[in-house]
Amino acid sequence: MHDYKLYKAHLNELEQQLAGAYHRQLVLITGSPAWCYELLNSLIDENNTLVVSKQRALKNSYWPTRTHQILGQEFAHAVYDGFSGLHPDKLAALSGTVKAGGMLFLLLHELGDLPTWQDPSLSTVQSHGHTINYSLFNQRFATVIKQLPAFHFSEKNGCIDHNSSFVTHNKIDYQPQQSCVEQIVKVAKGRANRPLLINADRGRGKSAALGLATAKLTDKKVIICSTQFKATHSSFKHLANELSLQYNAEHKQLANLHYVAPDALLNTLPECNLLLVDEAAAIPVPLLLQMLANYPRIVFASTLVGYEGNGRGYTIRFSNYIKAHYKASKVVTLDEPLRFAKHDPLEQHIRTLFALDAQYNELSSNQLEQPVHSEITQQSLVNNEPLLQQVIALLALAHYQSSVNDLRQLLDAPSQRLFISKINNQLVGVCLIAIEGGLSEELALQVISGERRPQGHLMAQALSQLSFNNDCLTQLSARVVRIAIDPSSHNIGLGKKLLSYCESQVKNQCSWFGASFGATAQLLNFWQNQGFDTIKLGYQRDKSTAEHSALVVKCLNNKSAIIQPLKKQFKNDFFYGLLTHFKTLDWQLVSILIEGLSDELVGLEIRERLVLLVNSNFTQFSISATLWQIMNQSPSCMSQLTESDKQLLIKLVLQNESNEKVIQYLGLLGKKQLENQFKRAIKNLTSTI
């Protein structure tokens with residue numbers, strides 16, 4: 001056993017400084033695993049310390065499979081065992097559980113060894129058939145952490161103290177939280193259908209505010225909902241403190257507050273005067289919309305820094321929906337930290353290490369020169385931190401499912417290519433492309449039969465399973481993982497130009513070029529206008545966005561013989577799907593998808609039948625089957641119709657919606673008006689054939 005008294009003395013001094021400052025700090029321990037484990041076990045108090053590790057050599061070690069399992073808890077100290085794999089999302093989430101005066105211990109190899117260390121977490125970003133021996137993410141991590149004002153205990157170099165200056169006294173401002181509590185109480189006591197959104201970074205006291213507000217509503221029944229019961233402990237604790245009650249962490253009810261899981265809530269719809277939804281960003285958007293529809297007094301609280309993974313889907317899609325449909329809704333943003341004081345070192349370290357503070361600088365409107373496109377390497381990003389920050393910020397700004405892990409994916413995924421656009425040397429566009437395929441014939445056959453699902457070949461697998469052709473897996477294809485354009489420069493063709501440049505750069509290497517994304521009318525319109533064909537639409541809606549996943553593809557060489565049958569098959573599947581699992585699909589999206597479908601020759605017999613029906617005293621029932629057949633065979637006949645005619649025929653004929661629902665959906669006065677509009681739409685359609 002080594003003598004670790006010197007290290008313990010350093011920690012005691014640090015603990016005293018942190019207590020007075022209400023701050024938290026990072027303590028880096030580097031060396032061999034055995035040395036790091038032995039040192040740590042001699043330093044930490046087992047009580048109230050969360051140890052995240054796969055190794056039993058550490059006392060009370062625990063390895064969460066999902067980040068959500070860490071969130072919403074508080075500990076005096078926390079330990080992250082980097083030898084178990086440096087997973088950015090887990091480390092960031094763990095840092096959020098440390099209370100004021102606490103420390104986050106990070107165990108790693110010596111910093112100089114990190115880039116060449118075979119980090120277990122690399123398996124999460126490597127496509128099948130690709131390996132890397134050098135981690136650029138770890139290289140940057142080692143460079144950045146070395147410069148941070150944090151304690152560093154090294155087996156090789158001893159105690160390295162980078163704490164140059166320290167705040168010795170601080171106070172915490174509770175006023176913003178108090179105002180938030182008052183807003184929650186207003187939702188419960190005020191008019192119905194005035195939802196409240198509480199947005200906050202971690203440690204801002206939003207969960208505590210839910211408990212404090214509940215304590216002021218003892219005459220109301222309050223339900224709190226969250227994906228993890230543990231995440232609600234803070235709310236229950238603060239309620240117990242306010243009402244001087246005993247709190248048992250295993251009980252899901254205390255005074256007027258009841259915990260109900262999201263699925264149970266929507267299955268049983270229990271009555272309450274106020275519904276509190278904590279960590280709302282971790283709940284699928286469709287479920288949030290159902291809660292909104294069933295509970296007139298509701299508060300959504302969530303963390304925005306992105307530990308949840310679905311954060312962008314929540315903030316962009318759900319927040320916009322609330323603002324558009326509930327004019328009296330309110331948004332409260334909690335900026336002031338409460339678990340610790342302002343300018344907390346640990347929070348800043350995590351933000352710096354994972355580029356979470358990256359802010360994109362939008363292009364000013366007078367700089368609309370022609371963009372300059374280029375391909376950049378992952379190494380060039382590591383060598384140019386300002387460019388890396390801009391790339392990360394632009395990707396996060398444009399995408400709805402950003403994650404703390406994105407930085408590792410960007411720097412370490414070995415099968416990707418990165419293209420950018422600049423105007424006046426300022427970044428205005430980013431396109432991240434994954435190169436897929438190149439698998440063996442044997443593995444390709446196993447994929448087609450459903451026996452294997454190699455990681456990282458999403459589009460190649462989909463193409464092969466749809467076509468039953470192993471060329472899609474043995475040859476290479478390029479899939480656009482993300483494309484992001486400066487928000488102030490939308491609708492001026494920048495995305496089209498960047499995509500065209502990317503195509504020119506991958507066409508000599510790849511047979512197919514494509515993308516998979518949550519289908520909206522606007523997005524599909526963009527891709528179809530660039531010559532991409534939609535060949536698949538997922539049956540299930542995405543949990544985060546409530547959208548169906550679309551796969552679009554373009555042939556880059558003579559392999560169009562594979563794509564043509566897929567286009568025809570998709571058309572048949574889609575028209576059948578409109579009567580079944582796509583019955584509720586947005587009509588604008590249906591319209592765009594139909595525009596991308598190919599025509600077949602409409603037989604003379606069916607055209608004559610339509611003319612005879614139109615000139616007779618037809619009914620909706622007598623003509624709908626013929627209309628369906630014509631629209632199926634000749635989708636382009638819809639393109640010349642007015643928006644209202646398209647909407648009516650899509651809902652009534654293609655999706656076979658009931659008259660009552662169509663009347664309600666279109667805001668019509670009754671069946672007579674529906675009948676008149678239907679007849680007008682049919683006459684307009686007949687004139688285009």
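Residues numbered from 1 in each chain as written. Predicted model: local features only at pLDDT ≥ 70, side-chain atom pairs only at ≥ 80, totals over all residues. Heavy atoms only, no water.

Student: Honestly, a positive patch on the surface in this entry has me stumped. Any pointers?
Tutor: On the surface, a cluster of positive charge is made up of Lys 186, Arg 191, Arg 194 and Lys 330. Note on placement: Lys 186 falls in helix H5 (residues 175–189). Owing to a relative accessible area of 53%, Lys 186 belongs among the exposed residues under this scheme. (Patch = residues over 30% accessible without salt bridge, like charges linked within 9 Å, V, L, I, M, F, W, Y side chains within 5 Å. Areas by Shrake-Rupley, 256 points an atom, 1.4 Å probe, with all protein chains shown as cover. Salt bridge = Lys/Arg side-chain N within 4 Å of Asp/Glu carboxyl O. Lys, Arg positive; Asp, Glu negative; His and termini not counted. Charge placed at Lys NZ, Arg CZ, Asp CG, Glu CD. Helix = DSSP H or I, 4+ residues; strand = E, 2+ residues; numbered from the N terminus. Buried < 20%, exposed > 50% of the residue type's maximum accessible area, 1.4 Å probe, protein only.)

Student: Could you clarify how one ought to interpret the packing of helix H23 (residues 620–633) against helix H24 (residues 643–654) in this entry?
Tutor: Two measures define how a pair of helices packs: the angle their axes make with one another and the distance between the axes. Taken N-terminus to C-terminus, the directions of H23 and H24 make an angle of 105°; their axes are 10 Å apart at the nearest point. Between H23 and H24, the angle is such that the two are roughly perpendicular. Where H23 abuts H24, its residues Gln 620, Ser 624, Leu 627, Trp 628 and Met 631 lie against Leu 649, Leu 652, Val 653 and Leu 654. Taken together, the residues of the contact of H23 with H24 sort by class into 7 nonpolar, 2 polar and no charged. (Axes fitted to C-alpha atoms, helices over the stretch in contact; angles between N-to-C directions. Parallel < 35°, antiparallel > 145°, perpendicular 65-115°, else oblique. Contact = heavy atoms within 4.5 Å. Nonpolar A, V, L, I, M, F, W, Y, C, P; charged D, E, K, R; others polar.)

Student: It is not clear to me how the sheet that holds strand S21 (residues 548–555) should be interpreted in this structure. Could you clarify?
Tutor: Adjacent strands of a sheet form backbone hydrogen bonds with each other and so pair up, either parallel or antiparallel. Spatially, the 7 strands line up as an open sheet ordered S15-S16-S17-S18-S19-S21-S20, and their pairing is mixed. The open sheet has two edge strands with one neighbour each: strand S15 (372–376) and strand S20 (533–541). Shown here is a sheet whose adjacent strand axes are inclined to one another by a mean of 25°, direction ignored. Strand direction decides the pairing type here: strand S17 (residues 426–437) and strand S18 (residues 476–485), joined by 9 bridges, are antiparallel. Paired with Cys 431 across the bridge in S18 is Ile 483. Where helix H18 (residues 494–506) meets the sheet, it contacts S15, strand S16 (416–423), S17, S18, strand S19 (512–518) and S21, and its direction lies at approximately 140° from that of S16. (Pairing = 2+ DSSP bridges.)

Student: Help me out: how do you make sense of the side chain of Asn 256 in this one?
Tutor: Here Asn 256 is to be found in the loop between strand S10 (253–254) and strand S11 (257–259). Under the relative-accessibility criterion, Asn 256 is labelled buried at 7%. Of note is the side chain of Asn 256, whose polar atom sits 3.3 Å from the backbone oxygen of Thr 214. Sequence-distant contacts of Asn 256, defined by excluding residues within four places in its chain, comprise Thr 214, Leu 217, Thr 218, Lys 220, Lys 221, Val 222 and Leu 239. (Polar contact = N/O pair within 3.5 Å; in protein donor to acceptor, adjacent residues only side chain to side chain.)

Student: So what exactly am I meant to see when it comes to the packing of helix H21 (residues 587–595) against H24 here?
Tutor: Contact geometry of H21 with H24 gives a least axis separation of 10 Å together with a crossing angle of 95°. Classified by the interaxial angle, the pair formed by H21 and H24 is roughly perpendicular. Contacts between H21 and H24 pair Trp 587, Val 590, Ser 591, Ile 594 and Glu 595 from the former with Glu 643, Lys 646, Gln 647, Ile 650, Lys 651 and Leu 654 from the latter. Across the contact of H21 with H24, the residue classes tally to 5 nonpolar, 2 polar and 4 charged.

Student: Could you clarify how one ought to interpret unusual backbone geometry in this entry?
Tutor: Most peptide bonds take the trans form, and the phi angle of most residues other than glycine is negative. Positive phi, close to 55°, is recorded for Asn 60, a residue that is not glycine. Asn 60 sits in the partly exposed class, given a relative accessible area of 49%. Although it is not a glycine, Asn 424 adopts a positive phi angle of roughly 50°. As for its position among the elements, Asn 424 is in the loop between S16 and S17.

Student: What is the right way to read the nonpolar core from this model?
Tutor: Proteins that are soluble and globular tend to have nonpolar side chains buried together. Phe 141, Phe 513, Phe 574 and Phe 678 are the most contacted members of the largest nonpolar core, which totals 122 residues. Sequence-distant contacts of Phe 574, that is, excluding residues within four places in its chain, are made with Leu 537, Phe 582, Leu 585, Val 590, Leu 593, Ile 594 and Leu 597. Ile 184, Ala 200, Ala 213 and Tyr 259 belong to the second-largest nonpolar core, a separate cluster that totals 30 residues. (Core = buried A, V, L, I, M, F, W, Y, C linked by side-chain atoms within 4.5 Å.)

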